[in-house]
Amino acid sequence: MFLPNPGGRFPVGATTFRLAVPRHPVSSVKVRSGTSSELKHALVLEEVAFTAYYPADVPPKSTPRGLGWLLRPLRASLQGYSNYSGLSLWLLWPLVYLFGTLLKIPVHPEAPLLIPHNVIRTESSKSSPWPLVIFSHGLGGSRTAYSQLCTWIASSGRVVLAMEHRDGSGHAAMPLFSDPIPYIKENSLVWPPDRPAEQCNMLSFRGEQLAFRRMEIYHALRTIRNLVRDGRDDIRHSLETIGDTCIDWSTWSTVGSEKPIECEENVVLAGHSFGGATVLSILSNAPPENEPPIPVQKALILDPWLEPIPSPGPLPHQRFKEDCLPSILVINSEKFTLWKDHFERLMEVGTSWTEGGWELLTFVRSEHVSFSDFSVLPFLSNKAARLILDKILHLSLAFLDGDWRGATAGSSAKKMEVRVIGQRADGRPKRQIVGNLGDVIFH
């Protein structure tokens, strides 16, 4: 059982990498370990992991073996989804077992990276390295939960690093040498006794998770840059594949003047929800000590959740005074656009980023989950969800290609209108944006 195939020019490979880093706690907040009374640091950086989706060097028309969609061991994913959703293990188990054992992402696991120089081009232009995209998942997400978006981008001729954030914000993370990290609930956190009372809340902890996520992304970029520039044998990194699978490392490294991936410029940052907040957090904060800034050209921000970011802001970091601001496309779901206070703040944030190009759109009838694979899971999806995701994929790819306006040429720009369609259980009016399924609202 496979998710839909990506629609681009290139077959897609997928390899999951892990990077061991010196172990150190990043926060003084602790978390209860399972059912025991043992306390552990909630945020410990010891390993960085990500799945790379990329153009694969495989025989023409070869059938992908597929990559398991749900992280293993399944019991860790089950516990994480239970923590995140608040639903019982017994209720979730049938779905976790079904999708964990049968559902696959249509990719070629551990396939060699296609060397750009070997691509047969119809035009006379010189071959160029694959552009790099770094993707940050939202709460309850994972490095595979946005595979539809990541594989579509990869099939267009890009390398996508989908992060597995190990800050307790994903449904689960699977370190090699320690216990799985499930989604962290607020009631499992133990605050330091000297922490101010106003900082003993989940939103404050989210800010610390954002700092952790920034560190992971900088580590990931640095190690890929070293791999491309110096080869795997360079002593400055210890990059391995998950499970120590055998891959052709030579395809990831520069040979002569032929560089496979462009890591030094024009990097794209992308993220959904808390991942969107992660992108804005990177753009508005200084790099970690001894790390150069990420050379961001574009940012694709999907339904960003702004609450964990201090207000006012996020504002461009001062380094952008010397460099031009990145071009930013924000795609909102209808629900987040109708979240009045949050949307007003998002509109205000945009005024600080207009110099580089800030565009904000909403898809009518889209939901927060519409940007992830959850919207198109077998047996749970419908035609409307598939249509919305297809529109998101095509518009995202058009933005990366530099022609998002062309992709929306058939959509008339109109002012957002809202109507009341009923009443919520709490008595508040239930509102809806006026328009048809998949219409684009330009803000």
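Residues numbered from 1 in each chain as written. Predicted model: local features only at pLDDT ≥ 70, side-chain atom pairs only at ≥ 80, totals over all residues. Heavy atoms only, no water.

**Student:** Give me the lowdown on the nonpolar core, citing residues and values where you can.
**Tutor:** The nonpolar side chains of soluble globular proteins are, as a tendency, buried together. Counting residues in hydrophobic clusters, the biggest one holds 72 residues, and the most contacted among them are Phe 50, Leu 132, Ile 134, Val 159, Trp 252 and Leu 283. In terms of residue count, helix H4 (residues 202-230) provides more of this core than any other element does, eleven residues in total. Other than its neighbours up to four places away in sequence, Leu 283 contacts Leu 269, Val 296, Ala 299, Leu 315, Pro 316, His 317, Arg 319, Phe 320, Pro 326, Ile 328 and Trp 353. Ranked by size, the runner-up nonpolar core spans 49 residues in total, among them Leu 74, Leu 92, Phe 371 and Leu 395. (Core = buried A, V, L, I, M, F, W, Y, C linked by side-chain atoms within 4.5 Å. Buried < 20%, exposed > 50% of the residue type's maximum accessible area, 1.4 Å probe, protein only. Helix = DSSP H or I, 4+ residues; strand = E, 2+ residues; numbered from the N terminus. Contact = heavy atoms within 4.5 Å.)

**Student:** Outline the sheet that holds strand S12 (residues 189-190), supporting the account with residue identities and numerical values.
**Tutor:** The strand order across the open sheet built from three strands is S3-S2-S12, with neighbouring strands paired in antiparallel fashion. Where the open sheet ends on each side, the last strands, each with one partner, are strand S3 (39-41) and S12. (Pairing = 2+ DSSP bridges.)

**Student:** Break down the pairing of strand S17 (residues 327-332) for me, with residues and values.
**Tutor:** Burial analysis of S17 places five of its six residues in the buried class, the great majority of the element. As paired strands, strand S16 (residues 296-302) and S17 are joined by five bridges and run parallel to one another. Bridge assignment links Lys 298 to a residue of S17, and that residue is Ser 327.

**Student:** How would you explain helix H7 (residues 340-350) if you had to name every residue and give the values?
**Tutor:** For H7, every residue scored as buried is listed here: His 342, Phe 343, Arg 345, Leu 346, Val 349 and Gly 350. One side of H7 holds all its buried residues, which, seen down the axis, span an arc of 160°. Of the residues in H7, the exposed ones pointing more than 90 degrees away from the buried face are Lys 340, Asp 341 and Glu 348. Buried residues belonging to H7 abut S17, helix H6 (334-338) and strand S18 (358-363). (Arc of directions from axis to C-beta.)

**Student:** Could you give me a rundown of the environment of Ala 42, with the residues and numbers involved?
**Tutor:** For Ala 42, the position within the fold is in the loop between S3 and strand S4 (44-55). Ala 42 gets classed as buried once you look at its relative accessible area, which sits at 9%. Once the C-alpha coordinates of Ala 42 and Asp 341 are considered, the two residues, 299 residues apart in sequence, prove to be 31 Å apart. Once residues lying within four places of it in the same chain are set aside, the contact partners of Ala 42 are Val 29, Lys 30, Val 31, Ile 184, Leu 189 and Phe 205.

**Student:** Could you give an account of the packing of aromatic side chains, with specific residues and numbers?
**Tutor:** Inspection of every chain in the model, using the stated rule, returns 13 aromatic pairs. Centroid distance Tyr 84 to Tyr 183: 5.1 Å. Interplanar angle 80°. Geometry classified as edge-to-face. One end of the pair, Tyr 84, is in helix H1 (residues 74-85); the other, Tyr 183, is in the loop between strand S11 (181-182) and S12, and 99 residues separate them in sequence. Among the residues examined, Tyr 84 registers a relative accessible area of 41% and is labelled partly exposed. Their ring planes at 85° and their centres at 5.3 Å tell us that Phe 336 and Trp 339 sit as a pair that is edge-to-face. The exposure class of Phe 336 is buried, given its relative accessible area of 8%. An aromatic cluster is present here, built from Phe 17, Phe 50, Tyr 54, Trp 249 and Trp 252 joined pairwise through their rings. Lying across the ring of Phe 274, Arg 206 places its NZ or CZ 5.9 Å from the centre. Across the ring face of Phe 399, the terminal group of Lys 298 is positioned such that the distance to the ring centre comes to 5.3 Å. (Phe/Tyr/Trp six-rings, centres within 6.5 Å; stacked < 30°, edge-to-face > 60°. Lys NZ or Arg CZ within 6 Å of the ring centre and 35° of its normal.)

**Student:** Explain unusual backbone geometry to me, and be specific about the residues and the numbers.
**Tutor:** Of note, the bond from Ser 311 into Pro 312 is cis; its omega dihedral lies within 30 degrees of zero at 5°. The omega torsion across Gly 313 and Pro 314 is 5°, close enough to zero to call that bond cis. Within the element layout of this structure, Pro 314 appears in the loop between S16 and S17. A positive phi angle, near 60°, is found at Lys 61, a position not held by glycine. Within the secondary structure layout, Lys 61 lies in the loop between S4 and strand S5 (67-68). Although it is not a glycine, Glu 110 adopts a positive phi angle of roughly 60°.

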